Amino acid sequence: MEQFSGKVWVLGDDIDTDIIMPTEYLALKTVNDMRPFAFSPLRPELAGQIGEGDIIVAGRNFGCGSSREQAPEVIKALGVRCVIAGSYARIFFRNAINNGLLLIENADLVKDIREGDEITVRVGDSILYQDKTYPISPLPQNLLDILDAGGLVKAMQRLNGIGS
C-alpha cells in the first residue's frame, strides 16, 4: 500500500473549473504558463504558495462546471499530490484520473482539518490526521494502473509495449 504525507490547503464546496483554471488564461501556450493563475478568482496567492507534494482538501462537488482538461492538469502541474473532497463532478473525476491526478473521496475530513496541517494518506485505505483515521474506499485496479503510469496515454503505451 502506497503511503505519503503532505501539507493541506483547504477549499470549500462547489469549486468549479472556472475557479481552478479561469477562462481568460486558457489561451496561454502551456499548462506551466497557466500555473500562476490557478485558483486566482478565489485566492490569487494560492498557486504561488502550493508546494510539491501538497494536498488539497475540499468540500462537495469539486471540479463542477465545464469539462476543461486544463483544470486537473494545472493542479498536477502545481505539484499537488492528491485532492481529497466530499464529492467530485463526474467529468472532472475522469479528466483527473486520465491525467494522473489522484482523487480521494471523503466528506468528513474537510470538517475537521485546518489549512497548513499535515495529513498522511494510505492509498485505498485511510487518511490519518491528528490521531484520527478517516476510512476511504479503494479505487479499482484499472484506475490505479492509470494513476501509476502517470495518466491514461502513458498507461496505454505501457499496456501496448510502446516506449514513452
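See the structure printed just above.
No experiment lies behind these values; they were computed from the predicted model shown. (Residues numbered from 1 in each chain as written. Predicted model: local features only at pLDDT ≥ 70, side-chain atom pairs only at ≥ 80, totals over all residues. Heavy atoms only, no water.)

1. Digging into helix 5 (residues 90-98)
All of the buried residues in helix 5 are F92, F93, N95, A96 and I97. Against the buried residues of helix 5 lie helix 1 (17-20), helix 4 (70-77), strand 4 (102-105), helix 7 (141-149) and helix 8 (152-159). Remark: G100 follows helix 5 within two positions and exhibits a positive phi of approximately 80°. (Buried < 20%, exposed > 50% of the residue type's maximum accessible area, 1.4 Å probe, protein only. Helix = DSSP H or I, 4+ residues; strand = E, 2+ residues; numbered from the N terminus. Contact = heavy atoms within 4.5 Å.)

2. Topic: the pairing of strand 6 (residues 126-129)
In this sheet, strand 6 lies alongside strand 5 (residues 118-122) in antiparallel orientation, the contact comprising three bridges. Bridged to R122 within strand 6 is S126. Joining the antiparallel neighbours strand 5 and strand 6 is a turn of three residues, in which G124 adopts a positive phi near 75°. The pairing of strand 6 with strand 7 (residues 132-135) spans four bridges and is antiparallel. Residue pairing across strands places Y129 opposite K132, the latter belonging to strand 7. Where strand 6 folds back onto strand 7 in an antiparallel hairpin, the turn is made up of two residues, including Q130, whose phi is positive at roughly 45°. (Pairing = 2+ DSSP bridges.)

3. Comments concerning the layout of surface pockets
There is about 280 Å³ of room inside the largest pocket. Taken together, 15 residues line the largest pocket, and the ones lying closest to its centre are E2, R81, L102, L147 and D148. No other element matches the five residues that helix 7 contributes to the lining of the largest pocket. Each pocket or cavity is described by its volume, and for the second largest pocket that value is around 200 Å³. Considering the residues around the second largest pocket, the lining is formed by 14 residues, among which L103, I104, E105, S137 and L139 are closest to the centre. Top contributing element to the lining of the second largest pocket by residue count: strand 4, with four residues. Grouping the amino acids of the lining of the second largest pocket by side-chain chemistry returns eleven nonpolar, two polar and one charged. (1 Å grid on protein atoms, 1.4 Å probe; cavity = no way out; pocket = protein on both sides within 12 Å on 5 of 7 lines; lining within 4 Å. Points joined across faces, edges and corners; volume = space filled by probe spheres on them. Nonpolar A, V, L, I, M, F, W, Y, C, P; charged D, E, K, R; others polar.)

4. Regarding unusual backbone geometry
The backbone of D14 shows a phi angle near 55°, a positive value even though the residue is not glycine. Within the secondary structure, D14 sits in the loop between strand 1 (3-10) and helix 1. At N61, a position not held by glycine, the phi torsion is positive, near 65°. Here N61 lies in the loop between strand 2 (55-58) and helix 4. What makes N61 partly exposed here is its relative accessible area of 28%.

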